[in-house]
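Descriptive structure summary
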Amino acid sequence: MYVCICNNITERQVREAIDDGARSVRDLNRSLSVGSECGKCTCVARKILKREQQEQAMELAVPA
Ligand code: FES
């Protein structure tokens, strides 16, 4: 699914950027240019970021 139409950025790319250390929409803007044109994608990018961070927190909370 495309997150950012203006820059042809997919959800997969956003998730990979988060796995590589992006912690905010600003980080995603720096690494992928998310939101650099019309800005309509920032809301979706923020939701993906939040979801990924929650999943990472859950993984850390579950004992091995
Ligand atoms: S859809 Fe991302 S900047 Fe326009």
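My aim in this report is to walk through the structure given alongside it, one point at a time. (Residues numbered from 1 in each chain as written. Predicted model: local features only at pLDDT ≥ 70, side-chain atom pairs only at ≥ 80, totals over all residues. Heavy atoms only, no water.)

**Considerations on helix 1 (residues 11-19)**
Just so we agree on the cut-off: The buried label applies to any residue whose accessible area, calculated with a 1.4 Å probe on protein chains only, is under 20% of its type's maximum; exposed applies above 50%, and partly exposed to all values in between. Here a strand is any run of E in DSSP of at least two residues, a helix any run of H or I of at least four, and the numbering for each starts at the N terminus. The reported arc concerns the directions from the helix axis to the C-beta atoms and nothing else. Here, two residues are considered to be in contact whenever any of their heavy atoms come within 4.5 Å of each other.
Those residues of helix 1 not exposed but buried are Glu11, Val14, Ala17 and Ile18. Seen along its axis, helix 1 keeps its buried residues to an arc of 120 degrees; they face one direction. Those residues of helix 1 that are exposed and aimed more than 90 degrees away from the buried face are Arg12 and Asp19. Contacts from the buried residues of helix 1 go to strand 1 (2-4), strand 2 (9-10), helix 2 (25-32) and helix 3 (42-61).

**A closer look at unusual backbone geometry**
The phi angle at Asn8 is positive, at roughly 55 degrees, despite the residue not being glycine. Inspection of the secondary structure puts Asn8 in the loop between strand 1 and strand 2. Here the phi dihedral of Ser33 falls at roughly 70 degrees; this positive angle occurs in a residue that is not glycine. Turning to its location among the elements, Ser33 is positioned in the loop between helix 2 and helix 3. Owing to a relative accessible area of 31%, Ser33 belongs among the partly exposed residues under this scheme.

**Let's talk about a negative patch on the surface**
Test applied: Residues qualify for a patch when their relative accessible area is over 30% and they have no salt bridge, like charges being joined within 9 Å and the nonpolar side chains of Val, Leu, Ile, Met, Phe, Trp and Tyr within 5 Å. The accessible surface values rely on the Shrake-Rupley method and a 1.4 Å probe; as for residues, cover is taken only from the protein chains in view. Salt bridges, as used here, are contacts in which a Lys or Arg side-chain nitrogen is within 4 Å of a carboxyl oxygen on Asp or Glu. As used throughout, the charge tally considers Lys and Arg to be positive and Asp and Glu to be negative, leaving His and the chain termini uncounted. By convention, the charge on Lys lies at NZ, on Arg at CZ, on Asp at CG and on Glu at CD.
A cluster of like negative charges, contributed by Glu16, Asp19, Asp20, Glu55 and Glu59, occupies part of the molecular surface. Within the fold, Glu16 resides in helix 1.

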